[in-house]
Amino acid sequence: MNPNEPWLPSVPGRYVALGDSFTEGVGDASVHLPNGVRGWADRVAEALAREMPGWEYANLAIRSKRLRHIIAEQLEPAVAMEPTLITLYAGGNDVMDVGTRVADILGRYEDLVAELARTGATLLLFTGYDVEVSPLLGPLRRKNHAYNDGVRRIAAKHGAVLVDYAELGAYANPRMWGPDRLHMSKAGHKYLAAQVLDALGVSHGIVHKHGRRAPRGVRQRTSEQYLWVTDWVLPMFGRKLRGTTLGDTLTPRWPEPVRVPPKKGLKKLVRRQLNSPIKHI
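This structure is a prediction, so every number in the text was calculated from the model and none was measured.

Draft legend 1. Structural view of the packing of helix H3 (residues 67-80) against helix H5 (residues 102-117). Contact geometry for H3 and H5: axes closest at 11 Å, N-to-C directions at 0°. By the angle between their axes, H3 is roughly parallel relative to H5. For the pair formed by H3 and H5, the contact residues are Leu-67, Arg-68, Ile-70, Ile-71, Leu-75 and Val-79 on the first element and Ile-105, Arg-108, Tyr-109, Leu-112, Glu-115 and Leu-116 on the second. Within the contact of H3 with H5, the residues separate by chemical class into 9 nonpolar, no polar and 3 charged.

Draft legend 2. View of unusual backbone geometry. The backbone phi angle of Asn-35 is positive, close to 65°, even though this residue is not glycine. Of note, Asn-35 is situated in the loop between helix H1 (21-24) and helix H2 (40-51). When its relative accessible area of 27% is taken as the criterion, Asn-35 is described as partly exposed. Although it is not a glycine, Ser-64 sits at a positive phi angle of roughly 75°. If you trace the backbone, Ser-64 turns up in the loop between strand S2 (56-59) and H3.

Draft legend 3. Here's a closer look at the packing of aromatic side chains. Across all of its chains, the model carries 14 aromatic pairs by this definition. Of the aromatic side chains, those joined through ring pairs into one cluster are Phe-22, Trp-40, Tyr-89, Phe-126, Tyr-129, Tyr-165, Tyr-171, Trp-177 and Tyr-191.

Draft legend 4. Summary view of the nonpolar core. Core analysis: the biggest nonpolar cluster contains 71 residues, and Tyr-15, Trp-40, Leu-88, Tyr-171 and Leu-192 have the highest contact counts within it. Leaving out residues up to four positions away in the same chain, Leu-192 has contacts with Phe-22, Trp-40, Phe-126, Val-163, Tyr-165, Leu-168, Tyr-171 and Met-184.

Draft legend 5. Quick look at the pairing of strand S1 (residues 14-19). Burial runs high along S1: 5 of the 6 residues are buried. Bridge count for S1 against S2 is 4 bridges, and the pairing is parallel. Residue pairing in the sheet places Val-16 in a bridge with Ala-58 of S2. The pairing of S1 with strand S3 (residues 85-89) spans 5 bridges and is classified as parallel. Across the sheet, residue Ala-17 finds its bridge partner in S3, namely Thr-87.

Draft legend 6. Molecular detail of the pattern of salt bridges. Summed over the entire model, instances satisfying the criterion amount to 15 salt bridges. With a shortest N-O distance of 3.3 Å, Glu-73 and Lys-65 are connected by a salt bridge. What makes Glu-73 partly exposed here is its relative accessible area of 40%. Residue Lys-65 is classed as buried on the basis of its relative accessible area, which comes to 13%.

Draft legend 7. Fine view of the sheet that holds S1. As summarised here, the arrangement of the 6 strands in space is S5-S4-S3-S1-S2-S6, forming an open sheet in which the pairing is mixed. Looking along the sheet, the strands with just one partner apiece sit at the ends: strand S5 (161-163) and strand S6 (254-259). Recorded for the sheet is a direction-independent mean angle of 15° between the axes of neighbouring strands. Contacts from helix H7 (residues 186-200) reach S3, strand S4 (122-126) and S5 within the one sheet, and its direction differs from that of S4 by about 140°.

Rules used in this analysis
Residues numbered from 1 in each chain as written. Predicted model: local features only at pLDDT ≥ 70, side-chain atom pairs only at ≥ 80, totals over all residues. Heavy atoms only, no water. Axes fitted to C-alpha atoms, helices over the stretch in contact; angles between N-to-C directions. Helix = DSSP H or I, 4+ residues; strand = E, 2+ residues; numbered from the N terminus. Parallel < 35°, antiparallel > 145°, perpendicular 65-115°, else oblique. Contact = heavy atoms within 4.5 Å. Nonpolar A, V, L, I, M, F, W, Y, C, P; charged D, E, K, R; others polar. Buried < 20%, exposed > 50% of the residue type's maximum accessible area, 1.4 Å probe, protein only. Phe/Tyr/Trp six-rings, centres within 6.5 Å; stacked < 30°, edge-to-face > 60°. Core = buried A, V, L, I, M, F, W, Y, C linked by side-chain atoms within 4.5 Å. Pairing = 2+ DSSP bridges. Salt bridge = Lys/Arg side-chain N within 4 Å of Asp/Glu carboxyl O.

What follows is the structure in structure tokens.
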């Protein structure tokens, strides 16, 4: 994409989002939407529809998916939808898995990117953020740095738009992260949606608020650390030992393209579906 030219096509197109929890919207809770989340990709779809009514949107992402799952389950349906715009974040869960090699991850990732690039759609990719949650996860940072270097190279090679998430300093603010410290909060998802729209040159009204959490005492920080380990870290390792994931029983939030209402967005669409004699969510 030429940054000096407007990106939006002359007619409404179709936006397809692929990936894992990052793109599904985990951390941005919404009881009114499928899988109980909203996320940055929904916000991007809504901004596109406001800018040019008629845009369609599908989101195939499911939390915990690895590259092999995304290739096997999401690639073919995405290509069949003949998208105008594709966003992809994939590989972060592979990086976090013990024993995986970055070279193997990037090899799979580039195969996926190449297939998506062949559709002729505008393709937007992301690096992965270094979440400094605990020294326990410190060894993963070197793998993440190598993965990010590879993503930058692959994006340039295949002419993809890159949102360099790893370099977005706003995420140093704890309020940008949810309770598990691995997924973005509502504020984090809103900010990322703005970054994607800015990268595409699409106007939006998303405003980032720079507030920080109030200072906490030693006792409160100790209590929060204990709760984080017991509520999030130990269950995560337990799932790894059992070979299960949080996404095993879930289906894509928007498995088929839906036309996004230009006013009141996807929540309006869900209310309309709930009132229909045939309910598809």
